Amino acid sequence: MRKQIKSEKIKVKKRPTAKHKLQTENSKPVELKQLVCLLGNEALVKEYSAAFQEKGIAVQELKNLASLKTSAKKITAAFELTLESNGQKKKNLQAFDETLPEHVPIISSSLTETILSQSHLLKHKHRFIGIAAFPTLLAHPLVELAPSIHTSKEIADVVTALFESIKKETAMVQDGVGMVMPRILCQIINEALFTVQNDVATPKEIDDAMKLGTNYPHGPIAWGEMIGFANVVAVLDALFQSHHEERYKVAPVLRQMAIAGIFWKKEA
Amino acid sequence: MAISIGIVGAGTMGAGIAHIAALNKCTVSLYDINEEVIRRSVERINFEMKRSVDKNKISDDDMKQALTRIKKRTNINDLDTCDIIIEAVLEDLRVKKDLFKKLDQIAHHTAILATNTSSLSITSIASATKKPERVVGMHFFNPVHLMKLVEVVKGVRTSAETITQTIAIAEKLGKKTIVTKDTPGFVVNRVARPFYTEALKILSENVTTVEEIDRIVKKSGGFKMGPFELMDMIGNDVNFSVTESMFQQFFNDARFQPSHIQKQLVEAGMFGKKTKQGFYNYEEK
Ligand SMILES: NC(=O)c1ccc[n+]([C@@H]2O[C@H](COP(=O)([O-])OP(=O)(O)OC[C@H]3O[C@@H](n4cnc5c(N)ncnc54)[C@H](O)[C@@H]3O)[C@@H](O)[C@H]2O)c1
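Because the structure is predicted, anything quoted here is derived from the model rather than measured.

Peer 1: Honestly, the confidence of the model for chain A in this entry has me stumped. Any pointers?
Peer 2: Counting all residues, the mean pLDDT for chain A is 89, and 85% of those residues have values of 70 or more. This model gives residues 1-25 of chain A a pLDDT under 50, and the stretch forms 44 contacts once residues within four places in sequence are excluded.

Rendered as C-alpha cells:
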C-alpha cells in the first residue's frame, strides 16, 4: 500500500513552470501552479501525462482513489480517461466531484457515454466536460471537447486555456457518443475488418492499398492495433447502443481481435 | 519486348494510363468514340509531360520518345495486336458489356481484357465475353501518373495466369499492386466509404459544422484533407453515385447508406469545385 502511494508522488517539472491565474474570493489574482491529475485508461494516462510534462506542467498519475485526498487541494484539473462507461469510471467521477474544490474542471472521456449522462446525477455538474481521448490522437495538434448542457463557460474556458498552454487547439462539438474523429476512424477500421472478414484481400494488402490509394496517415488495421481493437469495439458498441442502427454493427473478426488483443493474421 | 497496350476511352483515366504506359516504354493505341477527345488527350499528355520535364523528373528526350509511342486510333479494330486492352469508358454496365463483347471479337486470342471500373462488377462485365478467364479489373487512381496503386481485381472466372500477367504489366507501368476479390468497391473505395458517409452522418446529426469536421479530421486525425473538402474535389455527383451504387450492391446494408444532405447538393447542381459550389463556395469574390 505504502509503496503504491510513493510511486504516485507528484512528478517534479524541469521546465519553466506554467502558471495559471485564478480569481480568489476577494478578487486578488493569485498565481497557481498547475497540477493535472490523471486517472483511467493506462495508455491514455501515459499519453496525456507525457504531453503535459513535456510542456512543463506537473502531473499526478493516480493509480487509485486512495491517494486523491492528500493532493486534492493542489489539483487544478482532473482527467478521467476510462474509455468504457463502467462502474469504476462512475466511482472515479464521483470521488473527483466530492474531493476536488468546486472550481476545478473535471475532464472525462465521453466516447462511449455522453458527458451529460456521466455527470447529471453529480453535485457539481457544471464543471464536467467531455473529451475525445482516444489512443494515438494526442500526437496531433487538436483536441476535441464536448460540453454538456450544464457545463459552465468558465470551465470550458479554463480547459481551453489549459490545452493552449500545451500548444493544442481545441474544437467544441455537441455532446454525442464517439464525437467526431474517433467515430469516423472507428468506422473506417470496422470497414477494413469487414473487408478482411469477407476475404476480399489480406490485412496487409488492405493497409498497403489504403496508404497508397488514399493519403491516410496509417493503414487502418495497423492503426486499429495501435489504438487497441478493444477500444475501437467499445466506441462502435456505444454508437450502436445510442443509435440503434445497423451501420454500427461490429465486424465479427474485429470483435475476436478485441478479445484476443492481437492482430489477426490471415497467413497464420 | 515492348508491351503493346490498347486503351479504350481517352478521358481523364484513359489519358492518364496512356501517359504512364508511354513513359514506361510500352506502345500505346489510344482509342475513343470521340476523335476530338483523343486529340485533346494527347495534348494534355504533352502538357503534363512538359511539366515533368520542367521539374527535371524526366528528360526532354524521354518525353519525345514517349510521345512517339502513343498512336491515335480512330478504328477500334486496330487494337487487334495489343497484349492488353484497358477499358476506361464511362461508368455504365450496359455500355461496358457491349464494349467487351466487341473487344472479345477483335482482340488477339491471348490478349488480356481489363476494365478500370470503380464500382461495377468485373464478373458481370466478363460475362459478355467468351473468355471470362482473360477478363480482369485494373483499377487505377486519379491522377494516374501520381497515384502509385493499382487494384488488380479477380472476377469469379478470372484465371490465375491472367492475374499474374496483369500484376506484371501494372508493375511495368511503375505501379504497386494488390489483388482483390470482385466485391463492391474492391478495397480502397469500400474502406474509404465511412470517411465520407460517417462525416455526413455526423453533420446530419448537427454534432458540428462542415468547417469544424474538416478541421478536426485534419488536425486531430492527421488526414491531409477533410471529408467535405475531398467530396467537393471528387465531385459530390461522382461521390454520391459511388456510395449509392455500393449501397445497392450490398443489398441496402446500412453501412453504406447514402446521405440526404449530399443528395440535395447533387440535386441543386452543387457538385463542388467543378461547379464552384458544393459544401464550400469557390466563387471568386
Ligand atoms: N475519374 C476517376 O477518378 C476514376 C478513378 C478510377 C476509375 N475510374 C473509372 O474509369 C472510367 C473512366 O472514367 P473517366 O473519369 O476517365 O471518364 P471520362 O468521362 O473522363 O472519360 C470517358 C471517355 O470514354 C469515352 N467513351 C464513352 N463511350 C465509349 C465507347 N463505347 N467506346 C470508346 N470510348 C467511349 C468518352 O468519349 C470519354 O472520353 C470509369 O469506369 C470510372 O469509373 C475513374
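Peer 1: Before we go on, may I ask you to explain the pairing of strand 7 (residues 149-154) of chain B in this structure?
Peer 2: Residues in a regular strand project their side chains so that they alternate between the two faces of the sheet. Residue and element names in this part refer to chain B. For strand 7, the tally of buried residues reaches 5 of 6 residues, placing the bulk of the element in the interior. Looking at chain direction, strand 6 (residues 135-139) and strand 7 are connected through 3 bridges and run antiparallel. When the sheet's bridge partners are listed, Met138 is paired in strand 7 with Val152. Note: strand 7 against strand 8 (residues 176-181), 6 bridges, orientation parallel. Its bridge partner being in strand 8, Lys154 is matched across the sheet by Lys181.

Peer 1: Sorry if this is basic, but what is going on with the packing of aromatic side chains here?
Peer 2: For any two aromatic rings, the description comes down to two numbers: the centre-to-centre distance and the angle of the planes. Counting across every chain of the model gives 11 aromatic pairs over all chains. Seen from their ring centres, Phe79(A) and Phe163(A) are 6.0 Å apart, and the 85° between their planes marks the pair as edge-to-face. You can see Phe79(A) sitting in strand 5 (residues 77-80) and its partner Phe163(A) sitting in helix 6 (residues 153-165), a full 84 residues away along the chain. Given the relative accessible area of 0%, Phe79(A) is considered buried. A relative accessible area of 0% means that Phe163(A) is categorised as buried. Look at Phe195(B) and Tyr196(B): their rings are 5.9 Å apart centre to centre, the planes differ by 75°, and that puts the pair in the edge-to-face class. We note that Phe195(B), like Tyr196(B), is buried. Directly above the aromatic system of Phe194(A) lies the positively charged group of Arg255(B), at a separation of 3.7 Å from the ring centroid.

Peer 1: Looking at this structure, I do not really get the sheet that holds strand 8 (residues 142-147) of chain A. What am I missing?
Peer 2: Strand-to-strand pairing in sheets goes through backbone hydrogen bonds, with the strands running parallel or antiparallel. Residues and elements named next belong to chain A. Taken together, 7 strands build an open sheet; the order of strands is 4-3-5-6-7-8-9 and the sheet is mixed. Strands at the two margins of the open sheet, each flanked by one partner only, are strand 4 (58-61) and strand 9 (169-172). This sheet shows a mean twist of 30° between the axes of neighbouring strands, independent of strand direction.

Peer 1: Got a minute to help me understand the packing of helix 7 (residues 181-197) of chain A against helix 8 (residues 193-204) of chain B in this structure?
Peer 2: Think of two packed helices as two axes; the pair is described by the angle between the axes and how far apart they sit. Two numbers describe how helix 7 of chain A lies on helix 8 of chain B: the axes approach to 9 Å, and their chain directions differ by 145°. Once helix 7 of chain A is placed against helix 8 of chain B, the crossing between them reads as right-handed. Contact residues: Arg183(A), Ile184(A), Gln187(A), Ile188(A) and Glu191(A) in helix 7 of chain A; Pro194(B), Phe195(B), Glu198(B), Ala199(B), Lys201(B) and Ile202(B) in helix 8 of chain B. Broken down by class, the residue content of the contact of helix 7 of chain A with helix 8 of chain B amounts to 6 nonpolar, 1 polar and 4 charged.

Peer 1: Explanation requested: helix 8 (residues 203-213) of chain A in the structure shown.
Peer 2: Count 3.6 residues to each turn of an α-helix, and residues three or four apart come out pointing the same way. Among all positions of helix 8 of chain A, only Pro203(A), Ile206(A), Asp207(A), Ala209(A), Met210(A) and Gly213(A) are buried. All buried residues of helix 8 of chain A fall inside an arc of 160° around its axis, so they share one side. Buried residues in helix 8 of chain A make contact with helix 7 and helix 9 (220-227) of chain A together with strand 7, strand 8 and helix 7 (188-191) of chain B.

Peer 1: Is there a simple way to explain the packing of helix 9 (residues 210-221) of chain B against helix 10 (residues 227-234) of chain B in this structure?
Peer 2: Residues and elements named next belong to chain B. Their axes nearest at 7 Å, the elements helix 9 and helix 10 cross at an angle of 105°. With respect to helix 10, the element helix 9 is oriented roughly perpendicular. Within the contact between the two elements, helix 9 uses Val210, Ile213, Asp214, Val217 and Lys218 and helix 10 uses Pro227, Phe228 and Glu229. Here the residues of the contact of helix 9 with helix 10 sort into 5 nonpolar, no polar and 3 charged.

Peer 1: I'm lost on the nonpolar core in this one. Help?
Peer 2: Most often, soluble globular proteins have nonpolar side chains that are buried together. By size, the foremost hydrophobic cluster in this structure holds 97 residues, and its most contacted members are Tyr48(A), Phe52(A), Phe79(A), Phe163(A), Ile184(A), Leu254(A) and Phe228(B). Excluding anything up to four places from it in sequence, Ile184(A) contacts Pro194(B), Phe195(B), Glu198(B), Ala199(B), Ile202(B), Ile213(B) and Val217(B). Ranked by size, the runner-up nonpolar core spans 39 residues in total, among them Val42(B), Ala66(B), Ile84(B) and Ile163(B).

Peer 1: Explain the state of the cysteines here, please?
Peer 2: One way to say it: the disulfide is the covalent bond shared by the sulfur atoms of two cysteines. All names here are of chain B. Counted under the stated rule, the structure contains 0 disulfides over all chains. Here Cys82 is not disulfide-linked; the sulfur of Cys26 is the nearest cysteine sulfur, at 11 Å. Under the relative-accessibility criterion, Cys82 is labelled buried at 2%.

Conventions adopted
- Residues numbered from 1 in each chain as written.
- Chains lettered and ligands numbered in written order.
- Predicted model: local features only at pLDDT ≥ 70, side-chain atom pairs only at ≥ 80, totals over all residues.
- Heavy atoms only, no water.
- pLDDT = per-residue confidence, 0-100.
- Contact = heavy atoms within 4.5 Å.
- Buried < 20%, exposed > 50% of the residue type's maximum accessible area, 1.4 Å probe, protein only.
- Helix = DSSP H or I, 4+ residues; strand = E, 2+ residues; numbered from the N terminus.
- Pairing = 2+ DSSP bridges.
- Phe/Tyr/Trp six-rings, centres within 6.5 Å; stacked < 30°, edge-to-face > 60°.
- Lys NZ or Arg CZ within 6 Å of the ring centre and 35° of its normal.
- Axes fitted to C-alpha atoms, helices over the stretch in contact; angles between N-to-C directions.
- Left-handed = near helix turned anticlockwise from the far one by under 90°.
- Nonpolar A, V, L, I, M, F, W, Y, C, P; charged D, E, K, R; others polar.
- Arc of directions from axis to C-beta.
- Parallel < 35°, antiparallel > 145°, perpendicular 65-115°, else oblique.
- Core = buried A, V, L, I, M, F, W, Y, C linked by side-chain atoms within 4.5 Å.
- Disulfide = S-S within 2.5 Å.

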